[in-house]
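As a plain string of letters, each chain reads:
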Amino acid sequence: MRVVRSISAMQRLARQWQRGGARIGFVPTMGYLHEGHLSLVREARTRVSHSGKVVVSIYVNPMQFAPTEDLSRYPRDLKRDLANCRKLGVNAVFVPSDTAMYPGRAEGNYSTYVVEETLAGRMEGASRPTHFRGVTTVVAKLFNIVLPDIAVFGAKDWQQAAIIKRMVSDLNFPVKIIVAPTVRETDGVAMSSRNKYLVGNLRPQAVVLSHSIKLARELVKASAKPVSAVRLNTTVAKIVSAAPDARLDYVEFFDPETLLPQKQVTRGSHMALAVFVGKTRLIDNGRL
Ligand code: AMP
């Protein structure tokens, strides 16, 4: 397994593989890898087969964090991440530095961004206004560096995956986007690097997100008619407020493809929510 730190070396390696006829499958991450990330790596391997190459990037992208967010304390464990990638037969791990990715940014000499203007405004985008601009910009850069044929993203970040698909389609990136299912802990909590922040009695309270999705799904399933989003919203707010340290940021019901909000919710509608558990902001989503 190659550990590549420079952009030009990664591009050279990708071109060399492509000249040899290998397809490249890519999994972008911020590291501190868990089973959710590893499931994406396995999916990438399946898609490109054994003749192909799998690349994982590990980069905590400062551009997608607001100044008030957890950039400096975001969990990191490169040694363990590399060992996990090696075990899964990853061909290269791309680990760039901030100065490689954004030379001159600290001095104000970075000024080109990729901005998706429709899907990125609501939900996560409403709560974190510059977040998706950071995500689309870094993913566009990573696509130009890793030159993948396919890239795998997690359904855990449903809105992010929809925005990336839109960017790829709008800007003609020659990359096929695969969205792989959310991997959960046994109690239903979606795996996330940020779960590390949930110490003591906070961790059990994180179940309010998956419980809310489950209950909304049951209500929709049991009803012969569409269920109003207002009613579901009240139900979710109740579940969340029953946990002493949980606070609902938003819950939305929407079309899974267009992300357009729905006032009447039916089976096949999608639901997403963000909840603060203590100071940690968690997100989850699911099909109803
Ligand atoms: P992150 O390191 O949080 O930026 O996530 C990197 C990729 O892993 C993104 O495509 C996420 O959607 C995906 N991911 C994160 N958590 C999970 C999970 N529990 N199940 C599946 N994919 C996930």
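Residues numbered from 1 in each chain as written. Predicted model: local features only at pLDDT ≥ 70, side-chain atom pairs only at ≥ 80, totals over all residues. Heavy atoms only, no water.

On to the sheet that holds strand β6 (residues 176–180), then. If you walk across this open sheet you meet the six strands as β1-β4-β3-β2-β5-β6, and the pairing is parallel. The two strands at the open ends of the sheet, each matched to only one other strand, are β1 (2–4) and β6. Shown here is a sheet whose adjacent strand axes are inclined to one another by a mean of 25 degrees, direction ignored. Relative to strand β5 (residues 150–154), helix α2 (residues 35–48) is tilted by about 155 degrees, and along the sheet it contacts β2 (24–29), β3 (53–58), β5 and β6. (Pairing = 2+ DSSP bridges. Helix = DSSP H or I, 4+ residues; strand = E, 2+ residues; numbered from the N terminus. Axes fitted to C-alpha atoms, helices over the stretch in contact; angles between N-to-C directions. Contact = heavy atoms within 4.5 Å.)

This part takes up the sheet that holds strand β10 (residues 270–277). Within the open sheet, the three strands sit side by side as β8-β10-β11. Their pairing is antiparallel. The open sheet has two free edges, formed respectively by β8 (246–254) and β11 (280–287), since each of these has just one partner strand. Each strand axis lies, on average, 15 degrees off the axis of its neighbour in the sheet, ignoring direction.

This part covers the domain arrangement of the protein chain. Along its sequence, the protein chain is carved into domain 1 (2–180) and domain 2 (193–287). For domain 1 and domain 2, the distance between their C-alpha centroids amounts to 27 Å. Facing the 21 residues of domain 1 at the interface are 19 residues of domain 2. Summing both partners gives a buried area of about 1900 Å² for domain 1 against domain 2, and 51% of it is carried by carbon and sulfur. Of all residues in domain 1, the largest losses of buried area upon contact with domain 2 belong to Arg-122, Met-123 and Trp-158, amounting jointly to 34% of the total for that side. A salt bridge links Arg-281 to Glu-124; its shortest N-O distance comes to 2.9 Å. Elements that contribute at least two residues to the side of domain 1 that touches domain 2 include exactly α5 (124–127) and α7 (158–170). Across the side of domain 1 that touches domain 2, the residue classes tally to nine nonpolar, five polar and seven charged. (Domains from an automatic or database assignment. Buried area = accessible area lost by both parts, 1.4 Å probe. Salt bridge = Lys/Arg side-chain N within 4 Å of Asp/Glu carboxyl O. Nonpolar A, V, L, I, M, F, W, Y, C, P; charged D, E, K, R; others polar.)

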